[in-house]
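Chain by chain, the residues:
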Amino acid sequence: MITDTTDRLYSDMQSHHLMPLWTLEKDILPWSPKPKALPWLWKWSDLYEIAERSGALVPIERGGDRRAIALANPGLGGLPHATPTLWAAVQWLNGREVAPAHRHTAQAVRFIIDGQGAFSTVEGDKVYLERGDMVINPPWYWHDHGSDSDERAVWMDGLDIPLNNYLDASFFEPYKGETQAVSAVLDGTALKYGVGQMRPAWEPRSAQYPPIFAYKWAETERALNNVAKVGAASPFDDVALEYTNPHSGGPVMDTITCWIQMLRPGVHTQAHRQVNSAVYYVFEGRGLTVINGIRFDWEKGDMFVIPGWAWHEHCNASSEERATLFSIQDTPVMRALNKYREEAYTENDGHQSVTGVFRPAAGFDKV
Ligand SMILES: [Fe+2]
Ligand SMILES: [Fe+2]
């Protein structure tokens with residue numbers, strides 16, 4: 001005779017480390033994504049001040065190797081993660097400092113915010129960093145940074161650290177010395193491959209990672225201006241360009257793609273949502289982004305997160321100046337795993353109604 005009860009059944013499941021699907025279904029198989037990451041914004045004045053104080057107080061030492069301060073999304077339980085897949089940080093290098101060479105399986109990009117005389121060396125290719133340059137760091141490539149001037153340098157780091165650790169795939173190795181030997185010609189990969197439509201004919205294609213390690217701002221800006229001249233633009237992102245591997249047309253990393261986008265004066269894009277998450281850095285201008293009905297006002301230097309499947313639209317607040325946004329996005333992961341989806345916001349001419357305003361460091365106010 002069966003004398004079992006459901007209470008006893010559940011308690012036996014628990015003691016045997018088993019869990020039923022039927023009581024958890026809404027949590028583990030939701031009908032649409034329920035991101036824990038919050039839309040959030042960090043003001044440049046706060047980021048800069050805290051990075052500057054770190055520069056004065058904290059030396060760069062072996063172990064961490066870098067003076068990087070991560071955006072910790074308040075929805076992600078105290079982890080130094082901007083989104084479930086992306087790490088984003090402000091890195092500060094004092095004049096004459098060295099950030100020692102190492103390599104890791106985490107994939108990395110950096111976008112240069114400011115500084116003169118600072119350089120990055122990736123696999124022996126040394127490049128002096130200028131505002132707006134984007135430097136890539138494919139997995140397991142040696143890299144170090146340094147400064148030949150008295151001026152500090154500051155940049156945005158983007159890595160796939162959360163995903164890498166979730167997959168238990170992190171390896172790290174310090175270099176035997178502080179810095180690598182460098183190639184005879186400075187900025188060699190940008191010179192050799194920087195005109196993306198031409199390829200040294202005797203070399204094979206570089207299919208997985210770009211052969212070019214530094215995407216110089218002058219070229220990026222030229223591309224933005226040229227596309228704007230044609231009048232071509234996305235209704236959701238205006239003049240948005242993806243940095244590509246010139247040999248494959250694919251994203252710069254397997255796990256991260258980088259975008260630069262120009263919101264032309266007065267442009268207000270239509271809202272949409274995408275499965276991927278993104279971290280934005282405001283390179284130039286001022287404006288706002290409405291994320292799930294909350295208005296995020298931004299200006300030069302600010303950083304903000306758009307979580308996955310969150311409605312978002314961008315607006316350049318100036319009718320005369322362009323606004324330029326750099327972003328890192330985990331779209332390549334979603335596409336590779338066949339999980340990418342996007343949806344346009346069709347009501348109200350594609351514009352959300354604003355139900356709140358973000359207050360920096362504090363949260364949201366209702367309007
Ligand atoms: Fe690194
Ligand atoms: Fe978007």
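Because the structure is a prediction, the values reported are computed rather than measured. (Residues numbered from 1 in each chain as written. Chains lettered and ligands numbered in written order. Predicted model: local features only at pLDDT ≥ 70, side-chain atom pairs only at ≥ 80, totals over all residues.)

### Looking at the overall build of the chain
Within the chain, the secondary structure is distributed over 7 helices and 24 strands. Against the globule reference of 21 Å for 367 residues, the chain gives a C-alpha radius of gyration of 22 Å, in line with a compact fold. The C-alpha extent of the chain, read off along each of the three principal axes, is 85 × 50 × 50 Å. Going through the 367 residues of the chain one by one, you find that 38% of them count as buried. (Helix = DSSP H or I, 4+ residues; strand = E, 2+ residues; numbered from the N terminus. Rg over C-alpha atoms; globule rule 2.2 N^0.38 Å. Buried ≥ 20, exposed ≤ 12 C-beta atoms within 10 Å, placed from the backbone.)

### Re the environment of Lys 192
Its place among the elements puts Lys 192 in helix 5 (residues 188-193). Residues Lys 192 and Pro 211, 19 residues apart in the sequence, show an inter-C-alpha distance of 8.8 Å.

### Overview of the sheet that holds strand 21 (residues 323-329)
In space, the 6 strands of this open sheet follow the order 1-19-16-21-14-13, with antiparallel pairing throughout. Bordering the open sheet on either side are strand 1 (40-42) and strand 13 (239-242), each of which pairs with just one other strand. Direction aside, neighbouring strands of the sheet carry axes that sit 20° apart on average. Sheet topology places strand 16 (residues 278-284) next to strand 21; 6 bridges connect them, and they run antiparallel. If you follow Glu 284 over to strand 21, its bridge partner there is Thr 324. Lying on the sheet, helix 6 (residues 217-230) is in contact with strand 13 and strand 14 (257-263); it crosses strand 13 at an angle near 135°. (Pairing = 2+ DSSP bridges. Axes fitted to C-alpha atoms, helices over the stretch in contact; angles between N-to-C directions. Contact = placed C-beta atoms within 7 Å.)

### Considering unusual backbone geometry
Residue Asn 292 is not a glycine yet carries a positive backbone phi of 50°. As for its position among the elements, Asn 292 is in the loop between strand 17 (286-291) and strand 18 (294-299). At Asp 349, a position not held by glycine, the phi torsion is positive, near 60°. Relative to the helices and strands, Asp 349 resides in the loop between strand 22 (342-344) and strand 23 (356-359). Its 8 C-beta neighbours within 10 Å are what place Asp 349 among the exposed residues.

### Considering the sheet that holds strand 3 (residues 87-93)
With respect to topology, 6 strands assemble into an open sheet ordered 2-3-10-5-8-12, the strand pairing being antiparallel. Looking at the sheet topology across the chains shown, the edges are occupied by strand 2 (68-70) and strand 12 (214-215). Strand direction decides the pairing type here: strand 5 (residues 108-114) and strand 10 (residues 153-159), joined by 6 bridges, are antiparallel. Looking at strand 10, one finds that Asp 114 is bridged to Val 154.

### So, the nonpolar core
If you look at the biggest cluster of nonpolar residues, it comprises 75 residues, and the most contacted ones within it are Ala 88, Val 109, Val 279, Tyr 280 and Met 303. The residues touching Val 279, leaving out its near neighbours within four places in the chain, are Leu 71, Ala 82, Thr 83, Leu 86, Ala 88, Gly 158, Met 303, Val 305, Ser 327 and Ile 328. (Core = buried A, V, L, I, M, F, W, Y, C linked by C-beta atoms within 7 Å.)

### Describing the pairing of strand 8 (residues 134-137)
Here is the key point about a regular strand: its side chains alternate between the two faces of the sheet. Here strand 8 shows a buried face lined by Met 134 and Ile 136 and a second buried face lined by Val 135 and Asn 137. When strand 5 meets strand 8, the two strands line up antiparallel, connected through 4 bridges. What sits directly across from Ala 108, in strand 8, is Asn 137.

### A look at the pairing of strand 20 (residues 312-316)
Taken across its 5 residues, strand 20 has 4 buried, putting it largely inside the fold. The pairing of strand 17 with strand 20 spans 5 bridges and is antiparallel. In the strand pairing of strand 20, Ile 291 is matched with His 312.

### Topic: the environment of Glu 151
Counting through the fold element by element, Glu 151 comes out in the loop between strand 9 (143-147) and strand 10. By the C-beta count within 10 Å, which is 15 here, Glu 151 ends up partly exposed. Glu 151 has contacts with Gly 95, Gly 115, Gln 116 and Gly 117, leaving out every residue within four places of it along the chain.

Shape is all these values report; function is a separate question.
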